[in-house]
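Here is what each chain is made of, one letter per residue.
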Number of protein chains: 2
Amino acid sequence: MTRARGRAGPMRPFERSLPMQLMRAREIVMARFRPHLHAHGLTDQQWRIVRALNEVAELDMMELGARCCIHPASLSRILPRLEDEGLLRRRTSREDQRRVIVSLAPRGRQLFADVAPESEAIYAAITREIGTERLEAVYAVLDDVIRTLSGTSPQREAGKITGVPKNFAAKRAMPSAKRGR
Amino acid sequence: MTRARGRAGPMRPFERSLPMQLMRAREIVMARFRPHLHAHGLTDQQWRIVRALNEVAELDMMELGARCCIHPASLSRILPRLEDEGLLRRRTSREDQRRVIVSLAPRGRQLFADVAPESEAIYAAITREIGTERLEAVYAVLDDVIRTLSGTSPQREAGKITGVPKNFAAKRAMPSAKRGR
DNA sequence: CGCAGATGATTAACATGTTAATGGTCTGCC
DNA sequence: GGCAGACCATTAACATGTTAATCATCTGCG
């Protein structure tokens, strides 16, 4: 490598990129779960949805998207498929006809019951490797980052999940200069 | 919420999922950069590639993929476009005709020069908000996770990047039970 | 030398991420 | 009551993630 390490360069080296490190960490962790999920025909996202729904009776799409970090547009494609497979049910809210309420169907509960144990086992293995204390440190640090960067102003009103779907603030990237495509 | 907090439930609540927290953190951080990148017509990935290439004279695809955390298959689609736009050049390695060597074209260097300053400014703002010390703690913790979970055996030989592309270990998810699609 | 197996890039096929546009529904306000 | 603007879900269009298959090249070994 042609570049020294310290705080010298005009731009910190690529390796010291926070998004990159977060991505690497996530990929390495997910690598432990993916084979298991795929063995059950589930993508990461589908499992997040099943898992989120399993914790409650039902959820509207906005909440589901917020909890799973899945964009509404993506949900609109994923949910119909899962419904066709009999894993979940969708209905329109009576009070607000715009909203779609989603709930896990028996078959979805069963799938969760089938997948969860091994999933927990994998998580337990990861906990063993990293160590409970250090893992707690990881959560603390991540919560910290999330809390600090969530909206310049304090958000987090009652019940609101902080994670925020994809880019609820990034929006409006400007039609902009497309480098002449 | 119908579930208590402690270590009680049959499965830890969704919020305490390491991959989820890593994803949330990453999304929140990226949200700060995306508008800027999009204003220059760049996707996250394209910027990672430009940035990685700017640090060196040239790289073969494998290395580039490893450093940017982009799957070779994705690179095969992204690179031709960037080449068409005159941002980079590709050539076949003389020593090994299988390998493709990529390097930044003048126009790519210029793009980097245009984008980097504001990008660094955004990073500086994030550093201010989180605080230098806490940010160092974040890196330390993430490096720790990455190192610990990188292959059960210690990797990280000379020069090797640890991050590992997408799933270099997750592979072979079994053709498997597709839930009868 | 020559071949079998390993390796690197590409491509295809499908799933999701991302943005913008569309259409139905609701809400506040006149 | 009725309308304008906000809100939610869906869809389209494009970019990327992900896996498997394919093709070319290379390497080790007989």
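The rules behind these values
- Residues numbered from 1 in each chain as written.
- Chains lettered and ligands numbered in written order.
- Predicted model: local features only at pLDDT ≥ 70, side-chain atom pairs only at ≥ 80, totals over all residues.
- Heavy atoms only, no water.
- Pairing = 2+ DSSP bridges.
- Helix = DSSP H or I, 4+ residues; strand = E, 2+ residues; numbered from the N terminus.
- Contact = heavy atoms within 4.5 Å.
- Axes fitted to C-alpha atoms, helices over the stretch in contact; angles between N-to-C directions.
- Polar contact = N/O pair within 3.5 Å; in protein donor to acceptor, adjacent residues only side chain to side chain.
- Core = buried A, V, L, I, M, F, W, Y, C linked by side-chain atoms within 4.5 Å.
- Buried < 20%, exposed > 50% of the residue type's maximum accessible area, 1.4 Å probe, protein only.
- pLDDT = per-residue confidence, 0-100.
- Salt bridge = Lys/Arg side-chain N within 4 Å of Asp/Glu carboxyl O.
- Parallel < 35°, antiparallel > 145°, perpendicular 65-115°, else oblique.
- Disulfide = S-S within 2.5 Å.
- Phe/Tyr/Trp six-rings, centres within 6.5 Å; stacked < 30°, edge-to-face > 60°.

(A) Highlighting the sheet that holds strand β3 (residues 100–104) of chain B. All names here are of chain B. What the three strands build is an open sheet, ordered β1-β3-β2; its pairing is antiparallel. Of all strands in the sheet, those bounded by a partner on one side alone are β1 (59–60) and β2 (88–92). Bridge count between β2 and β3: five bridges; the pairing is antiparallel. Looking across to β3, one finds that threonine 92 is bridged to valine 100. Relative to β3, helix α2 (residues 44–54) is tilted by about 90°, and along the sheet it contacts β1, β2 and β3.

(B) Examining the environment of glutamate 63 of chain B more closely. All names here are of chain B. Checked against the element boundaries, glutamate 63 lands in helix α3 (residues 61–68). Sequence separation between glutamate 63 and alanine 52 is eleven residues; the distance between their C-alpha atoms is 9.9 Å. Side-chain polar atoms of glutamate 63 contact the side chain of arginine 67, separated by 2.7 Å.

(C) Local environment of the nonpolar core. Ranked by size, the top nonpolar core spans 38 residues in total, and within it Leu18, Leu22 and Val29 of chain A together with Leu18, Leu22 and Val29 of chain B carry the most contacts. Breaking this core down by element, the ones donating at least two residues are α1 (18–39), α5 (106–130) and α6 (132–149) of chain A together with α1 (18–39), α5 (106–130) and α6 (132–149) of chain B. Aside from chain neighbours lying at most four places away, what touches leucine 18 of chain B is Val29, Leu135, Val138, Tyr139 and Leu142 of chain A.

(D) Seen up close, the confidence of the model for chain A. All names here are of chain A. Summing up the model confidence of chain A, the mean pLDDT is 81 and the portion of residues at 70 or higher is 76%. Contacts from residues 1–9, a stretch scored under 50 in pLDDT, to residues over four places away or in other chains number eight contacts. pLDDT under 50 marks residues 153–178. Its contacts with residues more than four places away, or in other chains, come to 41 contacts.

(E) Inspection of the sheet that holds strand β2 (residues 88–92) of chain A at higher detail. All names here are of chain A. Read across the sheet, three strands follow the order β1-β3-β2 without closing on themselves; strand pairing throughout is antiparallel. Looking along the sheet, the strands with just one partner apiece sit at the ends: β1 (59–60) and β2. When β1 meets strand β3 (residues 100–104), the two strands line up antiparallel, connected through two bridges. Each residue of the ladder has a partner; that of aspartate 60, found in β3, is isoleucine 101. Where helix α2 (residues 44–54) meets the sheet, it contacts β1, β2 and β3, and its direction lies at approximately 90° from that of β3.

(F) Highlighting unusual backbone geometry. Its identity is not glycine, yet cysteine 69 of chain A carries a phi of approximately 60°, on the positive side. Looking at the element boundaries, cysteine 69 of chain A is found in the loop between α3 (61–68) and α4 (72–84).

(G) Local environment of the pattern of salt bridges. Residue and element names in this part refer to chain A. Evaluated as defined, the whole model comprises 24 salt bridges over all chains. Measuring nitrogen to oxygen at the nearest pair gives 2.7 Å for the salt bridge that ties glutamate 63 to arginine 67. Placement of the pair is glutamate 63 and arginine 67 together in helix α3, with a separation of four residues, close to one helical turn. A relative accessible area of 21% places glutamate 63 in the partly exposed class. Judged by its relative accessible area of 13%, arginine 67 falls in the buried class. Through salt bridges that share partners, Arg26, Glu27, Arg34 and Asp44 make up one connected network.

(H) Region of the structure containing the packing of α3 of chain A against α4 of chain A. Residues and elements named next belong to chain A. Running from N to C, α3 and α4 point in directions that differ by 105°, and their axes come no closer than 10 Å. With respect to their mutual orientation, α3 and α4 come out roughly perpendicular. On the side of α3, the interface is formed by Met61, Met62, Leu64 and Gly65, while α4 contributes Pro72, Leu75, Ser76 and Leu79.

(I) Representation of the environment of glutamine 110 of chain B. Following the sequence through the fold, glutamine 110 of chain B ends up in helix α5. Sequence-wise, glutamine 110 of chain B and leucine 87 of chain B are 23 residues apart; in three dimensions their C-alpha atoms are separated by 8.8 Å.

(J) Main features of α2 of chain A. Taking burial as the measure, the eleven residues of α2 of chain A include nine buried ones, the bulk of the element. For α2 of chain A, the set of buried residues is Asp44, Gln46, Trp47, Arg48, Ile49, Val50, Arg51, Ala52 and Leu53 of chain A.

(K) Molecular detail of the state of the cysteines. Counting across every chain of the model gives zero disulfides over all chains. Among the cysteines around cysteine 69 of chain A, which has no disulfide bond, cysteine 68 of chain A carries the closest sulfur, lying 8.2 Å off.

(L) The arrangement of the packing of aromatic side chains in detail. Residue and element names in this part refer to chain A. Summed over all chains, the structure comprises two aromatic pairs over all chains. Ring centres 5.6 Å apart and planes at 15° place the aromatic pair tryptophan 47 and phenylalanine 112 in the stacked group. Note that tryptophan 47 is positioned in helix α2 and phenylalanine 112 in helix α5, a separation of 65 residues in sequence. For phenylalanine 112, a relative accessible area of 11% translates into the label buried.

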